[in-house]
Amino acid sequence: MAKEKTLTIAALQLPTLGMQATKLDFYLRNAHSRGVKLVLLGEYVLNHFFKELSQIPIKMVQEQSEKHIELLKKFSIKYQMVFIAPLIVIRKKQYIKTIVKITAKSISYYEQQILMPYKHWNEKKMFSNQIKKLEAPLTFTVEGFQIMAMGGFELHFDPFWEEVTKKKIDLVLLPTASTFDSHNRWREIIKTKAFLHGCYILRANRLGEFTEESIKWKFYGDSMLVEPSGEIYMMLEDKESMLIETISKSVIKEHKANWAFEKELNLRRSL
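Residues numbered from 1 in each chain as written. Predicted model: local features only at pLDDT ≥ 70, side-chain atom pairs only at ≥ 80, totals over all residues. Heavy atoms only, no water.

### Here's the deal with the nonpolar core
Grouped together as the largest cluster of nonpolar side chains are 61 residues, with contacts concentrated most on Phe140, Ile147, Leu173 and Leu202. Judged by nonpolar contacts, the second largest core, of 28 residues, contains Leu17, Ile96, Ile102 and Ile244. (Core = buried A, V, L, I, M, F, W, Y, C linked by side-chain atoms within 4.5 Å. Buried < 20%, exposed > 50% of the residue type's maximum accessible area, 1.4 Å probe, protein only.)

### Remarks on the environment of phenylalanine 145
Turning to its location among the elements, phenylalanine 145 is positioned in strand E7 (residues 145-149). Sequence-wise, phenylalanine 145 and leucine 14 are 131 residues apart; in three dimensions their C-alpha atoms are separated by 26 Å. Setting aside residues no more than four positions away along its own chain, phenylalanine 145 makes contact with Lys5, Thr6, Leu7, Phe140, Asp170, Ile247, Ser248 and Lys249. (Helix = DSSP H or I, 4+ residues; strand = E, 2+ residues; numbered from the N terminus. Contact = heavy atoms within 4.5 Å.)

### A few points about the sheet that holds strand E4 (residues 94-102)
Spatial ordering of the open sheet is given by E5-E4-E3-E2-E1-E14, a layout of 6 strands whose pairing is mixed. The open sheet has two free edges, formed respectively by strand E5 (107-111) and strand E14 (241-248), since each of these has just one partner strand. Sheet twist, expressed as the average angle between the axes of neighbouring strands with direction ignored, equals 30°. (Pairing = 2+ DSSP bridges. Axes fitted to C-alpha atoms, helices over the stretch in contact; angles between N-to-C directions.)

### Details of the layout of surface pockets
Looking at the largest pocket, its volume works out to about 290 Å³. Lining the largest pocket are 19 residues, with Met116, Trp121, Ser182, Arg185 and Trp186 sitting closest to its centre. Grouping the amino acids of the lining of the largest pocket by side-chain chemistry returns 7 nonpolar, 8 polar and 4 charged. Put simply, the second largest pocket is a space of about 190 Å³. If you trace the second largest pocket, you find it lined by Thr165, Phe195, Leu196, His197, Gly198, His255, Lys256, Trp259, Ala260, Phe261, Glu262 and Leu265. Within the residue set of the lining of the second largest pocket, elements represented by two or more residues are helix H5 (183-197), helix H6 (249-259) and helix H7 (261-269). Of the residues contributing to the lining of the second largest pocket, the split by class is 6 nonpolar, 4 polar and 2 charged. (1 Å grid on protein atoms, 1.4 Å probe; cavity = no way out; pocket = protein on both sides within 12 Å on 5 of 7 lines; lining within 4 Å. Points joined across faces, edges and corners; volume = space filled by probe spheres on them. Nonpolar A, V, L, I, M, F, W, Y, C, P; charged D, E, K, R; others polar.)

### A few points about empty space enclosed by the protein
Scanning the model with the defined rule gives 1 cavity of 30 Å³ or more in all. Each pocket or cavity is described by its volume, and for the largest cavity that value is around 40 Å³. Lining the largest cavity we find Tyr44, Asn47, Pro86, Leu87, Ile88 and Lys97. When residues in the lining of the largest cavity are grouped by element, the largest group, 3 residues, is from strand E3 (residues 82-91). Looking at the lining of the largest cavity residue by residue, the class counts come to 4 nonpolar, 1 polar and 1 charged.

### Quick notes on the sheet that holds strand E8 (residues 171-176)
The sheet built from 6 strands is open, its strands ordered E6-E7-E8-E9-E12-E13 with mixed pairing. Each edge of the open sheet is held by one strand with a lone partner, namely strand E6 (138-142) and strand E13 (232-235). In this sheet, adjacent strand axes meet at a mean angle of 20° when their direction is disregarded. In terms of strand pairing, E6 meets E7 through 5 bridges, oriented antiparallel. Following the sheet pairing, valine 142 is matched in E7 by phenylalanine 145. Packed on one face of the sheet, helix H4 (residues 158-166) meets E7, E8 and strand E9 (200-205) and runs near 170° to E7.

### A word on the side chain of histidine 255
Among the structural elements, histidine 255 can be located in helix H6. Residue classification places histidine 255 among the buried residues on the basis of a relative accessible area of 8%. Within the structure, the side chain of histidine 255 is placed 3.3 Å from the backbone oxygen of proline 228, a separation counted as a polar contact. Beyond its immediate sequence surroundings of up to four residues, histidine 255 is in contact with Phe195, Gly198, Pro228 and Ser229. (Polar contact = N/O pair within 3.5 Å; in protein donor to acceptor, adjacent residues only side chain to side chain.)

Right, dumping it as structure tokens:
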């Protein structure tokens, strides 16, 4: 009988990190001892929240990003882990919002394709990400599991989920910086997407506060692992913490066999 294929993953629920490695090393040492192979960080953890960037010299932002890449590279080699983390990159003195994938052997970047365009939260204006025809999000394999990472806001757009089905993704990584009273909306969307696409979703949401014109933005955590069944398997609350869980290929396979969404679509595609 073939051995069940599993993967142990982690989500770090943190506020913006300083330049010190001590806190990260504490969590990663623990994760390594429990067999974690992949670690996800939330948005604006390696860098400050985008509304704070205007108060920080751009050179300092660049130094902060470079320092964290260097640290995560060292940890990746030391603990043999893959890191997925949102990161602000500076190009031609402009801010680019990316997701970086760091392994012991390589570093690659995914430039977020759709940014929030709202008056109170205008990342589209702040960042210089190129507006172009949509492409597949960052996709890679870890120990036989097909994994995709997309920007938190990209969750809302169907073309990204079409790629999840097309590429037979087992695990979607969703780094976020959700605030205000959006807990229930995010939970329900993530649960529904996991169920409809027969995949696990790991969400890492940041912690911390930001005050603007006497309005307090509280980033509330709620990092979670959702199963293909649409059920929340594990969820953190609103404190600094780390989620570690093991996902299974057999759970994905059973869900897809029971509900047969892809099977019915493929039958019609062949006509």
